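Structural features, examined
Here are the chains, one letter per residue:
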Amino acid sequence: MGRAARRGYDGPMTTIYEPRKELRPRRLTGISEEQISQHWTLYEGYVKNVNLLGGKLAALTEKGEFGPEFAELKRREGFEYDGMLLHEHYFGILKGGGTPLEPGSRLSRCLALCFGSFAAWRRQFAAVGMMRGSGWVILYHDPRRDALVNFWIESHEDGHPAGFAPIVVMDVWEHAYMVDGSAGGRSEYIEKFFLNVDWAKAENALRAAAPAEPVAAGGQ
Ligand SMILES: [Fe+2]
């Protein structure tokens, strides 16, 4: 959670973020505690860097120094911020053994509407996860079409569709599975990921993003 103070304008607002310990998953099926522990440490590094970056940008802004240093730090902002936020979505959607996706649930019906079936969605989501490169797979809700769609996010910051809401987020950087497996272990890791998805939480995320019932198909 972040803390922010705002008492009228007294300089650029800076927020000090802290690791969201309540999101740390435990006792996952097929993903070891050591894997999560090392991954969590990397997440804490993003939180630290977001705070560091925010402080430096605020100081430069206060001094009116908008030269190359400011520009390069500003370019870095998306990487660090998304590195923090995506890990929070990822850890938050994992729960030991998962929770079932109810057949009649809103999310289940939306996946069927947009992909034909849950199995068809799962197949594409996993295939996106197997794409070459370091990044993320995100099941997004598209507010314009009221549809669900899988996106590949390169690194942490490239490819996010503006205004879409993340429903299920999967980290496929090698550090997400190298402790338990090997450089070639992504496919096995993706199967383990599915075993631990908290579908009840995903259902809540969809309901928050799209309060109305779906009216049309339109996934891809
Ligand atoms: Fe990660």
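Residues numbered from 1 in each chain as written. Predicted model: local features only at pLDDT ≥ 70, side-chain atom pairs only at ≥ 80, totals over all residues. Heavy atoms only, no water.

Two numbers describe a pair of aromatic rings. These are the distance of the centres and the angle of the planes. As enumerated under the stated definition, the model contains 21 aromatic pairs in all. Seen from their ring centres, W121 and F194 are 6.1 Å apart, and the 80 degrees between their planes marks the pair as edge-to-face. With W121 in helix α4 (residues 118-129) and F194 in helix α5 (residues 186-195), the pair connects residues that are 73 residues apart, well separated along the chain. With respect to class, W121 is no different from F194; both count as buried. Among the aromatic residues, those joined into a ring-pair cluster are W40, Y43, Y90, F91, F118, W121, F125, W136, F193, F194 and W199. (Phe/Tyr/Trp six-rings, centres within 6.5 Å; stacked < 30°, edge-to-face > 60°. Helix = DSSP H or I, 4+ residues; strand = E, 2+ residues; numbered from the N terminus. Buried < 20%, exposed > 50% of the residue type's maximum accessible area, 1.4 Å probe, protein only.)

Moving on to the sheet that holds strand β5 (residues 165-171). Strand order in the open sheet formed by three strands is β4-β3-β5, and the pairing between neighbours is antiparallel. Every interior strand has two partners, whereas the edge strands, β4 (147-154) and β5, have only one. Neighbour to neighbour, the strand axes of the sheet diverge by 20 degrees on average, direction disregarded. The sheet contact formed by strand β3 (residues 135-142) and β5 spans six bridges and is antiparallel. When the bridges of β5 are listed, I138 appears paired with V169. In this fold helix α3 (residues 106-115) packs onto β3, β4 and β5, with an angle of close to 80 degrees to the strand it touches most, β4. (Pairing = 2+ DSSP bridges. Axes fitted to C-alpha atoms, helices over the stretch in contact; angles between N-to-C directions. Contact = heavy atoms within 4.5 Å.)

Next up on the list: the coordination of the iron ion. The iron ion binds to the protein through H39 (NE2), H87 (NE2), D171 (OD) and H175 (NE2); the donor distances cover 1.9 to 2.2 Å. Considering all four donor atoms around the iron ion, angles at the metal cover 87 to 133 degrees and the coordination shape is tetrahedral. The sequence pattern formed by the donor residues of the iron ion is H-x47-H-x83-D-x3-H. Taken together, the positions of H87 in helix α2 (residues 68-93) and D171 in strand β5 put the pair 84 residues apart, joining distant regions of the chain. Of the two residues, H87 and D171, both sit in the buried class. (Donors = N, O, S within 2.8 Å, 3.2 Å for Na, K, Ca; no water. Tetrahedral: all angles 85-135°; square planar, octahedral: opposite > 155°, others 65-115°.)

Among buried Asp, Glu, Lys and Arg side chains, D171 stands out as unpaired, with R186 the closest opposite charge at 8.1 Å. Within the structure, the side chain of D171 is placed 2.8 Å from the side chain of H39, a separation counted as a polar contact. The residues touching D171, leaving out its near neighbours within four places in the chain, are H39, H87, Y90, G135, W136, A176 and Y189. (Lys, Arg positive; Asp, Glu negative; His and termini not counted. Salt bridge = Lys/Arg side-chain N within 4 Å of Asp/Glu carboxyl O. Polar contact = N/O pair within 3.5 Å; in protein donor to acceptor, adjacent residues only side chain to side chain.)

In this section: the pattern of salt bridges. As enumerated under the stated definition, the model contains nine salt bridges in all. Put simply, R20 and E22 hold a salt bridge, and the shortest N to O gap is 3.0 Å. Of the residues examined, E22 reaches a relative accessible area of 51% and is grouped as exposed. Among the salt bridges present, the one from E191 reaches R122, with a minimum N-O distance of 3.0 Å. With E191 in helix α5 and R122 in helix α4, the pair connects residues that are 69 residues apart, well separated along the chain. Residue classification places R122 among the partly exposed positions, given a relative accessible area of 25%.

We now examine the pairing of β3. Every other side chain in a regular strand lies on the same face of the sheet, so the side chains alternate between the two faces. Judged by how many residues are buried, β3 sits mostly within the fold: eight of eight residues are covered. Bridge analysis of β3 against β4 gives eight bridges, and the strand direction is antiparallel. When the sheet's bridge partners are listed, H141 is paired in β4 with L148.

On to the nonpolar core, then. It is characteristic of soluble globular proteins that their nonpolar side chains tend to be buried jointly. Core analysis: the largest hydrophobic core is formed by 54 residues, its most contacted members being Y90, L107, F125, L139, L148, Y189 and F193. Beyond its immediate sequence surroundings of up to four residues, L139 is in contact with L107, L111, F115, W121, F125, L148, V149, N150, A165, P166, I167 and V168. (Core = buried A, V, L, I, M, F, W, Y, C linked by side-chain atoms within 4.5 Å.)

Before going further, it helps to spend a moment on the state of the cysteines. Per the counting criterion, the structure on display carries zero disulfides. We note that C114 lacks a disulfide partner, and the nearest cysteine sulfur, in C110, lies 6.4 Å from it. (Disulfide = S-S within 2.5 Å.)

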